[in-house]
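Listed here are the chains, written in short residue letters.
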Amino acid sequence: MSAWTATARQAANLARFSSSKSTSASSSQAASLIHRRGLAGGGDHHGPPKVNFWEDPLSPSKWKEEHFVIVSVTGWGLLFYGGYKFFTGEKKDKKEEV
């Protein structure tokens, strides 16, 4: 639905700018004055839909970006913590005194 409204706004802006300009102004100049919102258009998706990581845990390419970041950072944290605990583990020759 938002794609239709965006197209209608562009057409209206183009008509407004081209009618306000002199006849020597080309439509490409008028089109360059139209403000485009860049990455703000939420309704125009490309590619397959992204899923939550718990819905398809074996396909990271299908995960949402924020879920991929959370899982990746958690994995690296566990790897570093596990390595730290492995290499700096408890000393075996510790004696308990009662």
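Here, every reference points to the structure presented above.
Just so we're clear, the structure is a prediction, and the values are computed from it rather than from any experiment. (Residues numbered from 1 in each chain as written. Predicted model: local features only at pLDDT ≥ 70, side-chain atom pairs only at ≥ 80, totals over all residues. Heavy atoms only, no water.)

Novice: Please clarify how the packing of aromatic side chains should be interpreted in this entry.
Specialist: Two numbers describe a pair of aromatic rings. These are the distance of the centres and the angle of the planes. Using the criterion set out here, one finds 5 aromatic pairs in the structure. For the ring pair Phe53 and Trp63, a centre distance of 5.9 Å and an interplane angle of 65° mean the geometry is edge-to-face. Pair noted here: Phe53 is in the loop between α2 (27–33) and α3 (65–87) and Trp63 is in the loop between α2 and α3, with a separation of 10 residues, a long-range link. Taking relative accessible area as the criterion, Phe53 reaches 29% and is therefore assigned partly exposed. The class of Trp63 is buried, set by a relative accessible area of 9%. Ring geometry for Phe86 against Phe87: centres 5.0 Å apart, planes inclined by 80°, an arrangement best described as edge-to-face. Judged by its relative accessible area of 68%, Phe87 is exposed. Taken together, the ring pairs in this structure connect Phe53, Trp54, Trp63 and Phe68 into an aromatic cluster. (Phe/Tyr/Trp six-rings, centres within 6.5 Å; stacked < 30°, edge-to-face > 60°. Helix = DSSP H or I, 4+ residues; strand = E, 2+ residues; numbered from the N terminus. Buried < 20%, exposed > 50% of the residue type's maximum accessible area, 1.4 Å probe, protein only.)

Just distances and angles here, no functional claims.
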